[in-house]
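What follows is the residue order along each chain.
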Amino acid sequence: MQKILIANRGEIALRIIKTCQTMGIETIAIYSEADKDLPFVKAATKAICIGEPHVSKSYLQIDKILEIAKNEKVDAIHPGYGFLSENASFAQQVINAGITFIGPQPKTIKLMGDKIASRNAMEGAGVPVVPGSSQGLNTVEEACGLAKTIGYPIMLKASGGGGGIGMVLCDNEQALIKSYESTKKRAMTYFGSDKVFIEKYIEDSRHIEVQVFGDQHGNIVHLFERDCSIQRRHQKVVEESPSPFLSDNARQKMFETAIKAARAVQYTNAGTIEFIVDPEENFYFLEMNTRLQVEHPVTEMITGLDLVKWQILVARGEKLPLQQAEIAARGNAVEFRLYAEDPVRFLPSPGKITKLKWQEKEGARIDYGYVEGGTVTPFYDPLIAKCIFYGESRKQALSVALSFFEDFSLEGIKTNVPLFLTILESATFQKGEYTTSFLNKNVVK
């Protein structure tokens, strides 16, 4: 594999480029007119403008991406995360073009991208799932009847949803009736399907995921867990490993279940099995992300492994570099997603970054997408960088994070750094006693 096209932008594109450079692989970056000055464009072996700023005219242009890939004679396409990374049709078209898709098989992407189908597949494999509907709901009356059986509160979800979109918490029948039609419409708008279902809402829960990896030779391993319970509007803000909540017994059971889930769908490449965990450590399958996660550096920090390198090796037909017994975790790591947003109202804050400075610290890794003088535009997710911190202990990792953000300086736009400081200074967070409702109860009003 000599040349890879990266069908993405920002920090993840730059992250992939860095691994390719260490492997002696040339990279082709595609970029929109709005992104022409970003670091990933300059870092690639070659960069090609794909279109206007809006995603529908640039990063989602499958035909254009494939045309560029063929013209540049690339061996593979890496989709990163978001955009086309979990688009089964795109993956299949890449393969049909004689190009390697760096990810799982299209059939797996399609199956796990449908939350109802994936629930049923996991249930059939003996993986515990949250009590809920096994098929799409046809009427609000049907939804209310099932909710009554399950018991409120419940979550009304879009079957094709992701990233926290298409999820509504309903505490009673009135709330369910009120949200039913609007959720279906939102699902159709975002995911092209108005299929919705309901699940029991697990109160005082944790959101914990297990990183899995499979190769084309039937080998599947786990790379430990990440606790993603610090969320706002069902979107992750802080992730850490190991989870400060899980007991060793529950952790081991979760690893075994994640492997079982991945094996049930003959999984290849990088994937993540996400679980919801109740206060008694009972855990239930939520979904599988068939791609590299935003928070993959947390796993890299505690294992010392390069997950993008593993993706490339597996995609070109090699066996996993290590067997399960050879994979070890050491220390603690925590990641904060640095966004261009108002820290009080949580609205995007696009604009030019007039100043961006941070102190290099031992145990700190910054996966950035912008540099000083760059402009965060309103066209894409306003992620500026991912700030990952490592320590031999959790206390040490959090200390590195606090010191970093206290010295951090960014001007020209607003960021959520004040939110990070609030989280880090919280006694509940410091003790590791937080749940998915932490931000709603302690920060977001």
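To be clear, the structure that these remarks concern was listed above.
Attention in this report is confined to the structure presented alongside it. Computed from a predicted model, the values in this text were never measured in an experiment. (Residues numbered from 1 in each chain as written. Predicted model: local features only at pLDDT ≥ 70, side-chain atom pairs only at ≥ 80, totals over all residues. Heavy atoms only, no water.)

## Here's the deal with the overall build of the chain
Point 1. Secondary structure assignment for the chain yields 15 helices and 20 strands.
Point 2. Relative to the globule expectation of 22 Å for 445 residues, the C-alpha radius of gyration of the chain, 21 Å, shows essentially globular dimensions.
Point 3. Structurally, the chain occupies a C-alpha span of about 60 × 50 × 45 Å along its principal axes.
Point 4. When the 445 residues of the chain are sorted by exposure, 57% land in the buried category.
Point 5. Relative to all contacts within the chain whose residues are 6 or more apart in sequence, the contacts with residues 24 or more apart total 66%.
Point 6. Within the structure as shown, the chain displays about 18,400 Å² of accessible surface, and the carbon and sulfur contribution to it stands at 47%.
Point 7. Between the mean site of the 51 positive side-chain charges and the mean site of the 54 negative ones, the chain shows a separation of 3 Å. (Helix = DSSP H or I, 4+ residues; strand = E, 2+ residues; numbered from the N terminus. Rg over C-alpha atoms; globule rule 2.2 N^0.38 Å. Buried < 20%, exposed > 50% of the residue type's maximum accessible area, 1.4 Å probe, protein only. Contact = heavy atoms within 4.5 Å. Areas by Shrake-Rupley, 256 points an atom, 1.4 Å probe, with all protein chains shown as cover. Lys, Arg positive; Asp, Glu negative; His and termini not counted. Charge placed at Lys NZ, Arg CZ, Asp CG, Glu CD.)

## Some details on helix α8 (residues 173–191)
In an α-helix there are 3.6 residues to a turn, and that puts residues three or four apart on one side.
Point 1. When the terminal C-alpha atoms of α8 are compared, their 25 Å separation across 19 residues agrees well with the 27 Å that a helix rising 1.5 Å per residue should span.
Point 2. At Ser-179, α8 shows its largest kink, close to 35 degrees.
Point 3. Considered for burial, the residues of α8 that qualify are Leu-176, Ser-179, Tyr-180, Thr-183, Lys-184 and Ala-187.
Point 4. Between a side-chain oxygen at the N-terminus of α8 and the backbone nitrogen of Gln-174 the separation is 3.3 Å; the capping residue is Asn-172.
Point 5. At the exit of α8 stands Gly-192, carrying a positive phi of roughly 75 degrees. (Expected span 1.5 Å × (residues − 1). Bend = angle between axes of the 7 residues up to and from the residue. Polar contact = N/O pair within 3.5 Å; in protein donor to acceptor, adjacent residues only side chain to side chain.)

## Re the pairing of strand β14 (residues 332–339)
Point 1. Within β14, eight of the eight residues are buried, which leaves it mostly tucked inside the rest of the structure.
Point 2. Side chains of β14 alternate between two faces, with Asn-332, Val-334, Phe-336 and Leu-338 and Ala-333, Glu-335, Arg-337 and Tyr-339 buried alike.
Point 3. Looking at chain direction, strand β11 (residues 235–241) and β14 are connected through four bridges and run antiparallel. Note on β14: the bridge partner recorded for Glu-240 is Val-334.
Point 4. Here β14 runs beside strand β19 (residues 383–391); their pairing, made up of eight bridges, is antiparallel. By the bridge assignment for β19, Ala-333 is matched with Tyr-390. (Pairing = 2+ DSSP bridges.)

## Structural notes on the packing of aromatic side chains
Point 1. Scanning the entire structure with this criterion turns up 19 aromatic pairs.
Point 2. Seen in terms of ring centroids, Phe-224 and Phe-255 are 5.9 Å apart; in terms of plane orientation they differ by 80 degrees. Their pairing is edge-to-face. Of this pair, Phe-224 sits in strand β10 (residues 220–232) while Phe-255 sits in helix α9 (residues 248–264), placing them 31 residues apart in sequence.
Point 3. Classification of Phe-224 as buried rests on a relative accessible area of 14%.
Point 4. Pairing Phe-389 with Phe-405 gives two aromatic rings, centres 5.5 Å apart and planes at 75 degrees, and the pair type is edge-to-face. Highlighted residues: Phe-389 in strand β19 and Phe-405 in helix α12 (residues 394–407), separated in sequence by 16 residues.
Point 5. Among the residues examined, Phe-389 registers a relative accessible area of 0% and is labelled buried. (Phe/Tyr/Trp six-rings, centres within 6.5 Å; stacked < 30°, edge-to-face > 60°.)

## Re the nonpolar core
Point 1. Grouped together as the largest cluster of nonpolar side chains are 124 residues, with contacts concentrated most on Leu-5, Phe-40 and Ile-77.
Point 2. Discounting chain neighbours no more than four positions away, the residues touching Phe-40 are Asn-8, Arg-9, Gly-10, Ala-13, Leu-14, Ile-17, Ala-29, Ile-30, Tyr-31, Asp-35 and Tyr-59. (Core = buried A, V, L, I, M, F, W, Y, C linked by side-chain atoms within 4.5 Å.)

## A look at the side chain of Thr-299
Point 1. Looking at the element boundaries, Thr-299 is found in helix α10 (residues 296–303).
Point 2. At a separation of 2.6 Å, a polar atom in the side chain of Thr-299 contacts the side chain of Arg-226.
Point 3. Ignoring sequence-local partners within four residues, the contact set of Thr-299 consists of Gln-211, Leu-223, Arg-226 and Leu-307.

## Remarks on the packing of helix α5 (residues 106–113) against helix α6 (residues 115–124)
A pair of packed helices can be characterised by two numbers: the angle between their axes and the separation between those axes.
Point 1. Between α5 and α6, the shortest axis-to-axis distance is 5 Å and the interhelical angle comes to 100 degrees. Considered as vectors, α5 and α6 are oriented roughly perpendicular to each other. Facing α5, whose interface residues are Leu-111, Met-112 and Gly-113, α6 presents Lys-115, Ala-117, Ser-118, Ala-121 and Met-122.
Point 2. Tallied by class, residues from the contact of α5 with α6 come to five nonpolar, two polar and one charged. (Axes fitted to C-alpha atoms, helices over the stretch in contact; angles between N-to-C directions. Parallel < 35°, antiparallel > 145°, perpendicular 65-115°, else oblique. Nonpolar A, V, L, I, M, F, W, Y, C, P; charged D, E, K, R; others polar.)

## With respect to helix α13 (residues 417–424)
Point 1. Every buried residue belonging to α13 is among Val-417, Leu-419, Phe-420, Ile-423 and Leu-424, and all of these are buried. Looking down the long axis of α13, one finds its buried residues gathered within 155 degrees of arc, a one-sided arrangement.
Point 2. Along its buried surface, α13 packs onto β10, β11, β14, α12, α14 (427–430) and α15 (438–442). (Arc of directions from axis to C-beta.)

## Side note on the side chain of Thr-19
Point 1. Checked against the element boundaries, Thr-19 lands in helix α1 (residues 10–22).
Point 2. Within the local environment of Thr-19, its side chain forms a polar contact with the side chain of Arg-15, the two groups lying 2.6 Å apart.
Point 3. Non-local contacts of Thr-19, meaning those with residues more than four positions away in its chain, are made with Asp-306, Val-308, Lys-309 and Ile-312.

## A word on the sheet that holds strand β3 (residues 46–51)
Point 1. A sheet is described by the order of its strands in space; here five strands give the open sequence β3-β2-β1-β4-β5, paired in parallel fashion. Edge strands, defined here as strands with exactly one partner in the open sheet, are β3 and β5 (100–101).
Point 2. Sheet topology places strand β4 (residues 76–78) next to β5; two bridges connect them, and they run parallel. When the bridges of β5 are listed, Ala-76 appears paired with Thr-100.
Point 3. Sheet strands touched by α1: β1 (3–6), β2 (26–32) and β4. Its angle to β1, the strand with the most contacts, is close to 170 degrees.
Point 4. Relative to β3, helix α3 (residues 62–71) is tilted by about 150 degrees, and along the sheet it contacts β1, β2, β3 and β4.

## Points about the sheet that holds β11
Point 1. The eight strands are arranged β13-β12-β9-β10-β11-β14-β19-β17 in an open sheet whose pairing can be described as antiparallel. Single-partner strands in this sheet number two, and they are β13 (283–289) and β17 (364–368). When strand polarity is set aside, the average angle formed by the axes of neighbouring strands in this sheet is 25 degrees.
Point 2. Of the strand pairs in this sheet, β10 and β11 are connected by four bridges, and their pairing is antiparallel. Opposite Arg-232, over in β11, you have Gln-235 as the bridge partner.
Point 3. Where α9 meets the sheet, it contacts β9 (206–214), β10, β12 (269–277) and β13, and its direction lies at approximately 110 degrees from that of β10.
Point 4. The strands touched by α13 within the sheet are β10, β11 and β14, with β14 carrying the most contacts at an inclination of about 150 degrees.

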